[in-house]
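Breakdown of the fold
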Amino acid sequence: MTLTDYCILGIFAAAFGMQFFLKKYQSKYPAIYRTVFFISIAVVFGFALYWSIMQYSVWKNSPASAKYLLPPYQEINYFIEYAFTRFWAPHLISLAMSLLAFFGVKYFNKKYEERFLEREECYFLALAIFLTSHPGWITYLILTLFISLLSSAIYSLKNKDGRLSLYYFWLPTAFFTIIINKCFVLHWVQVFKI
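These lines cover the structure that appears in this document, whether it is placed above or below.

Calculation criteria
- Residues numbered from 1 in each chain as written.
- Predicted model: local features only at pLDDT ≥ 70, side-chain atom pairs only at ≥ 80, totals over all residues.
- Heavy atoms only, no water.
- Helix = DSSP H or I, 4+ residues; strand = E, 2+ residues; numbered from the N terminus.
- Buried < 20%, exposed > 50% of the residue type's maximum accessible area, 1.4 Å probe, protein only.
- Contact = heavy atoms within 4.5 Å.
- Areas by Shrake-Rupley, 256 points an atom, 1.4 Å probe, with all protein chains shown as cover.
- Axes fitted to C-alpha atoms, helices over the stretch in contact; angles between N-to-C directions.
- Parallel < 35°, antiparallel > 145°, perpendicular 65-115°, else oblique.
- Left-handed = near helix turned anticlockwise from the far one by under 90°.
- Nonpolar A, V, L, I, M, F, W, Y, C, P; charged D, E, K, R; others polar.
- Patch = residues over 30% accessible without salt bridge, like charges linked within 9 Å, V, L, I, M, F, W, Y side chains within 5 Å.
- Salt bridge = Lys/Arg side-chain N within 4 Å of Asp/Glu carboxyl O.
- 1 Å grid on protein atoms, 1.4 Å probe; cavity = no way out; pocket = protein on both sides within 12 Å on 5 of 7 lines; lining within 4 Å.
- Points joined across faces, edges and corners; volume = space filled by probe spheres on them.
- Core = buried A, V, L, I, M, F, W, Y, C linked by side-chain atoms within 4.5 Å.
- Expected span 1.5 Å × (residues − 1).
- Bend = angle between axes of the 7 residues up to and from the residue.

To continue, consider the overall build of the chain. Counting secondary structure elements, the chain contains eight helices and zero strands. Shown N-terminal to C-terminal, the secondary structure of the chain runs as helices and strands in the order α-α-α-α-α-α-α-α. The proportion of buried residues among the 194 residues of the chain is 38%. Contacts in the chain between residues far apart in sequence, at least 24 positions, make up 71% of those at least 6 positions apart. On the chain, roughly 11,800 Å² of surface is accessible, and the fraction owed to carbon and sulfur atoms is 68%.

Now the structure itself:
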């Protein structure tokens, strides 16, 4: 796991802690989590910029790589493509998917008078999809679907009426998705790597 991964896990831990400790500010939840989402974007792309600069520095200071990988011997496009696919693209893909999920869920939730989710849960989902990166968001959605179906089945057996809220499942599921993907390196996830 990299420094970026630990920082992302820290963001999840802080956001999950906020769910419990900021209950009295519940009316301001959407604004708080919107801020957390934008801070997360800044942090993740700040790390992407940092890793890109560090990679350039490493290549520049190594005689072999400087001679074959950087200008004037190689086009700068080679480095840009390398840095983009390695440090930027996974997060750009997950950002696009998180925004798609956010606006889709928000639209349907509003259409059905917020029957499915609390307003801030749209931000939980967007934050989780973005921070699990690509291809982690695929694992995240599969785990979320599995947990949702399993917990709903158990809830239905115990209670005949009502529905089970996933309010406290969005962020911990993403937290464990990152740990599963980074520490146990699922083989099938490598197929979707850029």
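Closest axis-to-axis distance for the helix H4 (residues 76-111)/helix H5 (residues 121-131) pair is 8 Å, and the angle between their directions is 160 degrees. As judged from the angle between their axes, H4 and H5 are roughly antiparallel. Pair H4 / H5 crosses with right-handed handedness. Residue-level contacts link His91, Ser94, Leu95, Met97, Ser98, Ala101, Phe102, Val105 and Lys106 of H4 to Cys122, Tyr123, Leu125, Ala126, Ile129 and Phe130 of H5. In terms of residue class, the contact of H4 with H5 is made up of 11 nonpolar, three polar and one charged.

As a further point, take a nonpolar patch on the surface. There is a patch of nonpolar side chains on the surface, built from Tyr107, Phe108, Tyr112 and Phe116 and spanning about 420 Å² of accessible area. With respect to the helices and strands, tyrosine 107 occurs in helix H4.

Looking now at the packing of H5 against helix H6 (residues 133-158). With their axes 7 Å apart at the nearest point, H5 and H6 run at an angle of 130 degrees to one another. With respect to H6, the element H5 is oriented oblique. Touching Leu125, Ala128, Ile129, Phe130 and Leu131 of H5 are Ser133, Trp137, Tyr140 and Leu141, all from H6.

Attention now moves to the side chain of glutamine 55. In this structure, glutamine 55 sits in helix H2 (residues 29-61). Once you skip the residues sitting within four places of it in the chain, glutamine 55 turns out to touch Phe79, Tyr82 and Phe87.

Moving on, we get to the layout of surface pockets. Looking at the second largest pocket, its volume works out to about 330 Å³. Along its surface, the second largest pocket is lined by 16 residues, and Leu117, Thr144, Ser148, Leu166 and Trp170 are the ones closest to its centre. Residue composition of the lining of the second largest pocket, grouped by class: nine nonpolar, five polar and two charged.

Let's shift gears to the nonpolar core. Where a protein is soluble and globular, its nonpolar side chains tend to be buried together. One finds Phe12, Phe37, Leu127, Phe130, Leu131, Tyr140 and Trp170 to be the most contacted residues of the largest nonpolar core, which totals 41 residues. Of all the secondary-structure elements, those providing two or more residues to this core are helix H1 (3-21), H2, H4, H5, H6 and helix H7 (170-183). Residue contributions to this core peak at 10 residues, all from H5. When sequence neighbours within four positions are dropped, the list of residues in contact with leucine 127 reads Phe12, Ala15, Val36, Phe37, Ser40 and Leu171.

Glancing now at unusual backbone geometry. Here the bond from histidine 134 into proline 135 is cis, since omega is 10 degrees, no more than 30 degrees from zero. Among the structural elements, proline 135 can be located in helix H6. The backbone of serine 133 sits at a positive phi, close to 60 degrees, despite the residue not being glycine.

Taking 1.5 Å of rise per residue, 36 residues should cover 52 Å, and H4 covers 49 Å from first to last C-alpha, within 8% of that figure. The largest bend in H4 amounts to roughly 55 degrees and is located at tryptophan 88, with the proline proline 90 lying one to four residues further along. Along H4, the positions that sit buried rather than exposed are Phe79, Ala83, Phe87, Ala89, Pro90, His91, Ser94, Leu95, Ser98, Ala101, Phe102 and Asn109. Following H4 by one or two positions, glutamate 113 has its phi on the positive side, about 55 degrees.

Before going further, it helps to examine H6. Helix length check: H6, at 26 residues, gives a terminal C-alpha distance of 36 Å against a target of 38 Å (1.5 Å per residue), a fit within 8%. Restricting attention to buried positions, one finds in H6 the residues Ser133, His134, Pro135, Gly136, Trp137, Ile138, Thr139, Tyr140, Thr144 and Ser151.

Everything listed is a geometric property; what it means functionally is a separate question.
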